[in-house]
Amino acid sequence: MRNNRLSYIKRFVRHWLTAKPKGGFGVHSPFAFHFITNVIEEKLPYYCFSVVERYRRSLLRDKQTIDVTDYGTGPSCPKRICDIASNSLKKASLAQVIFRIAISNRSKEILELGTSLGITTLYLAKTDSKAHITTLEGCPNTAAVARNLMDNAGVRNVDIVIGDINKTLDGALSRHQKLDLAFFDANHRKEPTIIYFEKCLPKVSDNSIFIFDDIHHSAEMEEAWDEIKKHPAVRVSMDFFHFGVIFFNEALQTEHYKIRL
């Protein structure tokens, strides 16, 4: 565990030393500069942020225990909801960045791989009541908590697909003619990440944006990110260390950025 932590710190230091500074400095592409400064680094709160964060706080207080099935790590085990919320939910700052990205390209068709307890899902649902969000979760008990969260929040534009993503992804993709936004936050290993990416590719358009969580989580996730950003369909990639963003618009010049946050 200590060695893993040290490796992670080394990856962070390497990123920091090689990335461009905050504020879009050194980024010459007008498109990339606008995205970094007006989407990623925008700090003004939206109307729904306080509402979603109130639901997060309720999950952090919930001491109910559920059996959690994780197809990526092994057999099921009992966990308290508050512990899942503390360890697995995206931080507010990252979840709100994902919200801003969805707003930036007016995403209507959204796919999320990895629902967890549903906080990021709720952020995506709040971008537009007419957006169609399909979110995939392996554990039925975790999905039930997320479904209850959506119901309590009055959200009606989210479909939660339960089961092994390797078996449910094809069916989930068939629900969408295209993908405006896809958020990959399920199996943090190279091979599944690449498979999920390639399965989603037929649904991309010039407007599509894909977000990959934890691209520096491990050496193999770094390998996955390197392979993804070099795919011929990808025009622009942005590495923010904790997550990566890729764009497919054929009008864009091919560029790959590392940015400090």
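Look up a bit, the structure's there.
Nothing here was measured: the structure is a model prediction, and the numbers come from that model.

A.B. asks: Looking at this structure, I do not really get unusual backbone geometry. What am I missing?
C.D. replies: Apart from glycine, the bulk of residues carry a negative phi angle, and the bulk of peptide bonds sit in the trans form. A positive phi angle, near 55 degrees, is found at Arg-106, a position not held by glycine. As for its position among the elements, Arg-106 is in the loop between helix H5 (92–104) and strand S3 (109–113). For Phe-241, which is not a glycine, the phi torsion comes out positive at approximately 70 degrees. By the element assignment, Phe-241 lies in the loop between strand S8 (236–239) and strand S9 (243–247). Using a relative accessible area of 2% as the deciding quantity, one classes Phe-241 as buried.

A.B. asks: Which parts of the structure should I look at to understand the nonpolar core?
C.D. replies: Proteins that are soluble and globular tend to have nonpolar side chains buried together. Of all hydrophobic cores here, the largest spans 56 residues; its most connected members are Ile-101 and Met-238. With seven residues, the single largest contributor to this core is H5. The next biggest cluster of nonpolar side chains, apart from the first, holds 25 residues, and it includes Ala-172, Phe-197, Phe-212 and Ile-228.

A.B. asks: So what exactly am I meant to see when it comes to the sheet that holds S3 here?
C.D. replies: Across the sheet, which stays open at both edges, the eight strands sit in the order S5-S4-S3-S6-S7-S9-S8-S10 with mixed pairing between neighbours. Two strands lie at the open edges of the sheet, namely strand S5 (158–162) and strand S10 (255–258), each paired on one side alone. Averaged over all pairs of adjacent strands, the angle between strand axes in this sheet comes to 15 degrees, irrespective of strand direction. As paired elements, S8 and S9 share four bridges and run antiparallel to each other. Paired with Val-236 across the strands is Phe-247, a residue of S9. Contacting S8, S9 and S10, helix H2 (residues 30–40) crosses the sheet at an angle of about 135 degrees to S9.

The rules we used
Residues numbered from 1 in each chain as written. Predicted model: local features only at pLDDT ≥ 70, side-chain atom pairs only at ≥ 80, totals over all residues. Heavy atoms only, no water. Helix = DSSP H or I, 4+ residues; strand = E, 2+ residues; numbered from the N terminus. Buried < 20%, exposed > 50% of the residue type's maximum accessible area, 1.4 Å probe, protein only. Core = buried A, V, L, I, M, F, W, Y, C linked by side-chain atoms within 4.5 Å. Pairing = 2+ DSSP bridges. Axes fitted to C-alpha atoms, helices over the stretch in contact; angles between N-to-C directions. Contact = heavy atoms within 4.5 Å.

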